[in-house]
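The primary structure of each chain is shown beneath.
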Amino acid sequence: MLNYTLRRLMFSVPVLLFISFIIFLILDLAPSDPTGNLPLTIPPEVREKIRTSLGLDAPMWVRYLLWCKQFFINEPLNIWDQWRGTCSFNCEDRLRVVSYVTRSPVVDLIVERMPQTLWVVGMSYVVGILIAIPIGVISAYKQYSVFDQAGTFISMVGFSVPPFFSGVLVIVIFSVQLGWFPSIYDTTLEVVDWETFKMQVKQMIMPVMVLALQTTAQISRFMRASMLDNLNQDYVRTARAKGLKESVVLLVHVLRNSLIPVVTVIALGVPAVFGGAIITEQVFKVNGIGQLLIIGIQGGDAPLVQTLTFIFAVMIVFANLIADILYGILDPRIRYD
Amino acid sequence: MPDGASKVLDVQNLNTIFQTRSGEIHAVNNVSFDLEEGELLGVVGESGSGKSVTMMSLIRLLPSPPAEIRAGKVMFDGLDLLKIDDDKLRDIRGARIGFIFQDPMTSLNPVFTVGFQLREPLMRHMGLNKKQANKRAAELLEMVGIPAASARLKDYPHQFSGGMRQRVMIAIALACDPEVLIADEPTTALDVTIQAQILELIKELRQKLGMAIIWITHDLGVIAGIADRVMVMYGGQVVEEAPVRELFKNPQHPYTKALLKTVPHVRGERAERLEVIEGQPPILGGAPTACPFRERCPVAIDICARENPALHVTGPRHAAACHLVAPAREEAHV
């Protein structure tokens with residue numbers, strides 16, 4: 001298993017380098033101009049100077065290699081220095097990946113945005129899974145019952161209703177009509193005592209609800225299908241013939257087998273959590289990663305978009321690896337040698 | 001077996017149906033039989049004759065829906081297994097009535113160790129703790145002839161061969177010293193040499209432990225070698241019942257006769273074609289109103305299409321359900 005993991009990790013290096021190059025290529029080919037959002041009164045020659053100062057006059061491959069150097073060498077060094085409080089390899093001159101628009105290091109921007117995204121999107125993922133698994137189990141066990149039909153209906157709603165609709169709908173109901181929750185997520189809120197904690201929970205409920213509906217819809221379907229596959233297996237009959245209680249048969253024998261494919265699906269969904277929820281974050285004004293990406297795209301901020309997209313790619317590659325490893329751990333029949 | 005031995009299992013008028021989209025399937029029709037202490041009852045019949053469904057109905061192992069036990073009585077130690085509540089039934093399943101299934105490849109849970117699966121009934125029924133259960137599990141594995149038993153408890157089912165897995169299944173079924181062992185085609189999925197080994201094992205364990213066994217198979221050769229008494233099923237009914245020698249020597253029902261003819265002879269003429277029973281087994285659409293075998297029966301008469309024959313005693317402990325062996329038909333059909 002360790003061997004396999006190391007092999008996979010080594011193989012992911014060229015894969016990721018290739019991905020980073022493709023992302024750079026696509027961004028470079030896209031007709032976008034970082035000075036496009038500047039006031040029209042700025043004369044063209046000044047715009048040209050701004051572009052030159054951003055390094056846009058250099059050829060594509062030079063800019064790509066520069067980004068590689070900044071991202072793969074300078075940024076890790078910077079993290080190291082910040083962590084240890086040292087200054088290695090003349091840190092004053094070190095160039096970091098810097099946003100065109102804000103002129104601040106992209107990694108710092110991401111670090112700033114990460115907590116909101118993790119709180120809201122991550123929490124919604126956890127909540128969604130926690131709701132989905134019992135729903136899937138019961139739906140499968142009581143197939144075609146009223147509960148199952150209701151579960152199917154809710155999943156259908158979760159799959160088909162887009163968050164820009166459900167988000168606005170819950171704002172209308174819970175903020176405008178009932179006045180229970182704030183419609184805007186306040187990032188400046190610091191949780192220091194019980195009151196602020198309650199505020200934080202209140203402002204999280206609606207975005208989490210909207211996002212969890214989608215997760216629940218997906219995972220509960222997977223769970224139900226997987227349970228149904230296993231419920232008719234011979235080993236379930238054996239377990240019953242041993243005189244085991246129905247709860248043991250279901251929650252030990254069937255569930256363990258059914259979770260194997262579902263866990264891999266869940267692991268593959270984790271990168272999406274870090275990617276943020278672009279639309280839902282917009283609706284609730286959560287200034288998370290998703291929103292950062294949108295701003296970057298709109299402003300033609302190539303280093304920001306390049307770095308963010310590349311981080312997503314890293315997450316996806318690693319989530320795949322983790323899913324495969326988990327599969328091997330959960331299913332004793334799978335051996336990677 | 002000595003006559004007059006007490007019955008451990010007494011099944012009366014068992015009826016099981018399956019609800020399907022195209023209507024009810026009457027899989028078991030008025031099946032009655034009993035099992036004496038220490039006896040080995042062979043149940044034969046072709047696929048779809050209701051052998052397995054009958055035995056699964058006994059301890060309510062069929063998924064419901066679609067299966068439904070319409071009527072009948074299954075007396076076991078003074079209890080009607082069809083009436084008692086689920087908790088009581090679960091105390092009997094796996095403890096006093098053991099089950100072995102056909103396919104050892106799929107009958108064990110792939111993600112749990114063999115030790116875990118063996119410990120389960122021991123801890124559930126005998127109240128052993130994990131350590132005691134482990135010890136007993138190792139003894140059981142040894143008893144069914146698995147070498148290096150205590151080391152193999154940590155192995156997963158896929159690390160065992162088919163024959164070894166069936167041995168594990170037998171160990172699980174016998175874990176709590178059951179009075180009755182129901183073996184549902186335990187050798188069908190195994191190759192012939194392994195089949196012989198499993199048969200020998202069962203014979204040996206029977207001598208040692210003295211449980212009564214119901215052995216479901218469609219292999220008459222196996223029956224001849226192991227059974228005390230045989231029950232032949234067709235179309236969800238018992239068509240003939242007799243001690244094993246009597247059945248092979250003196251079959252009464254046309255189906256049994258035909259079945260015995262289909263067995264290929266090792267020493268017979270090579271040129272001879274294999275005997276077959278023409279036609280298909282019946283589709284058990286409604287409650288039977290005629291003999292289920294009449295369409296394939298070489299000696300069918302008019303009445304076979306009008307009336308379903310009841311079991312008629314033709315000799316000592318020998319009964320057959322055929323109009324030809326009961327010409328008088330004084331007893332009304334149930």
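These numbers were taken from a predicted model, which means no experiment stands behind them.

Definitions and cut-offs
- Residues numbered from 1 in each chain as written.
- Chains lettered and ligands numbered in written order.
- Predicted model: local features only at pLDDT ≥ 70, side-chain atom pairs only at ≥ 80, totals over all residues.
- Helix = DSSP H or I, 4+ residues; strand = E, 2+ residues; numbered from the N terminus.
- Rg over C-alpha atoms; globule rule 2.2 N^0.38 Å.
- Buried ≥ 20, exposed ≤ 12 C-beta atoms within 10 Å, placed from the backbone.
- Contact = placed C-beta atoms within 7 Å.
- Nonpolar A, V, L, I, M, F, W, Y, C, P; charged D, E, K, R; others polar.
- Pairing = 2+ DSSP bridges.
- Axes fitted to C-alpha atoms, helices over the stretch in contact; angles between N-to-C directions.
- Expected span 1.5 Å × (residues − 1).
- Bend = angle between axes of the 7 residues up to and from the residue.
- pLDDT = per-residue confidence, 0-100.
- Core = buried A, V, L, I, M, F, W, Y, C linked by C-beta atoms within 7 Å.

A short note on the overall build of chain B
And step 1. Scanning chain B from terminus to terminus reveals 11 helices and 12 strands.
And step 2. Computed over the C-alpha atoms, the radius of gyration of chain B is 21 Å, within 12% of the 20 Å expected from 2.2 N^0.38 for a compact globule of 334 residues.
And step 3. Along the first, second and third principal axes, the C-alpha atoms of chain B reach 65 × 55 × 45 Å.
And step 4. Within chain B, the proportion of its 334 residues that are buried is 46%.
And step 5. A separation threshold of at least 6 residues defines the contact pool for chain B, and within that pool the share at least 24 residues apart is 65%.

Considerations on the interface of chain A and chain B
And step 1. Residue-level contacts link 18 residues of chain A with 22 residues of chain B.
And step 2. Of all the secondary-structure elements, those providing two or more residues to the side of chain A that touches chain B are α8 (234-241) and α9 (246-275) of chain A.
And step 3. Top contributing element to the side of chain A that touches chain B by residue count: α8(A), with seven residues.
And step 4. Across the side of chain A that touches chain B, the residue classes tally to five nonpolar, five polar and eight charged.

Points about the sheet that holds strand β12 (residues 318-320) of chain B
All names here are of chain B.
And step 1. Reading across from one edge, β6-β7-β8-β3-β9-β10-β12-β11 is the order of the eight strands in this open sheet, with mixed pairing throughout. The open sheet has two free edges, formed respectively by β6 (97-100) and β11 (312-315), since each of these has just one partner strand. Strand-to-strand, the axes of this sheet are offset by a mean angle of 20 degrees, without reference to chain direction.
And step 2. Both strand β10 (residues 237-243) and β12 contribute to a ladder of two bridges, which runs antiparallel. Of the residues in β12, the one forming a bridge with E241 is A319.
And step 3. Here helix α7 (residues 162-173) sits on the sheet in contact with β6 and β7 (180-184), set at roughly 170 degrees to β6.

Some points on unusual backbone geometry
And step 1. A positive phi angle is found at A:Y144, which is not glycine, with a value near 65 degrees.
And step 2. Looking at where A:Y144 falls in the secondary structure, it is placed in the loop between α4 (106-141) and α5 (146-160).
And step 3. Here B:D77, not a glycine, exhibits a phi torsion of approximately 55 degrees, which is positive.
And step 4. Note that B:D77 resides in the loop between β4 (67-76) and β5 (79-80).

Quick word on the pairing of strand β9 (residues 229-234) of chain B
Residue and element names in this part refer to chain B.
And step 1. Most of β9 is tucked away, with six of its six residues classed as buried.
And step 2. Neither face of β9 is open: one carries R229, M231 and M233, the other V230, V232 and Y234, and all of them are buried.
And step 3. Note that strand β3 (residues 40-44) and β9 share four bridges and pair parallel. In the strand pairing of β9, G42 is matched with V230.
And step 4. Where β9 and β10 come together, six bridges link them in antiparallel fashion. Note that in β10 the partner of R229 across the bridge is P243.
And step 5. Adjacent in sequence and paired antiparallel, β9 and β10 are bridged by two residues, among which G235 carries a positive phi angle near 55 degrees.

A word on helix α7 (residues 194-231) of chain A
An α-helix turns once every 3.6 residues. As a result, residues three or four positions apart point the same way.
And step 1. Counted at 1.5 Å a residue, the expected span for α7(A) with its 38 residues is 56 Å, but the 46 Å between its end C-alpha atoms falls short.
And step 2. Roughly 35 degrees is the biggest bend found in α7(A), and it falls at A:I205, with proline A:P207 one to four residues downstream.

Overview of the environment of A:I279
Residues and elements named next belong to chain A.
And step 1. With respect to the helices, strands and loops of the structure, I279 is situated in helix α10 (residues 278-283).
And step 2. A tally of 17 C-beta atoms within 10 Å means that I279 is categorised as partly exposed.
And step 3. Once residues lying within four places of it in the same chain are set aside, the contact partners of I279 are P163 and F164.

With respect to the pairing of β6(B)
All names here are of chain B.
And step 1. Residues of β6 alternate between two faces, with I97 and F99 on one and G98 and I100 on the opposite face, all of them buried.
And step 2. In this structure, β6 lies alongside β7, joined through four bridges in parallel fashion. Note that in β7 the partner of F99 across the bridge is I182.

A closer look at the sheet that holds strand β2 (residues 23-36) of chain B
And step 1. Read across the open sheet, the four strands follow the order β2-β1-β4-β5 (chain B); overall the sheet is antiparallel. The two strands at the open ends of the sheet, each matched to only one other strand, are β2 and β5 of chain B.

Some details on the confidence of the model for chain B
Predicted coordinates in areas of low pLDDT are best not read in detail.
Residue and element names in this part refer to chain B.
And step 1. Averaged over every residue, the pLDDT of chain B is 84; the share at 70 or more is 94%.
And step 2. pLDDT under 50 marks residues 329-334. Its contacts with residues more than four places away, or in other chains, come to eight contacts.
And step 3. What the predictor reports for the complex is a pTM of 0.82 with an ipTM of 0.85.

Re the nonpolar core
And step 1. With 94 residues, the main nonpolar core has B:A171, B:V180, B:L181, B:I214, B:W215 and B:V239 as its most contacted residues.
And step 2. With seven residues, α7(B) is the single largest residue contributor to this core.
And step 3. Once you skip the residues sitting within four places of it in the chain, B:V180 turns out to touch B:V8, B:L9, B:L35, B:I97, B:M211 and B:A212.
And step 4. Of all hydrophobic cores here, the second largest spans 50 residues; its members include A:I23, A:W67, A:Y185 and A:V210.

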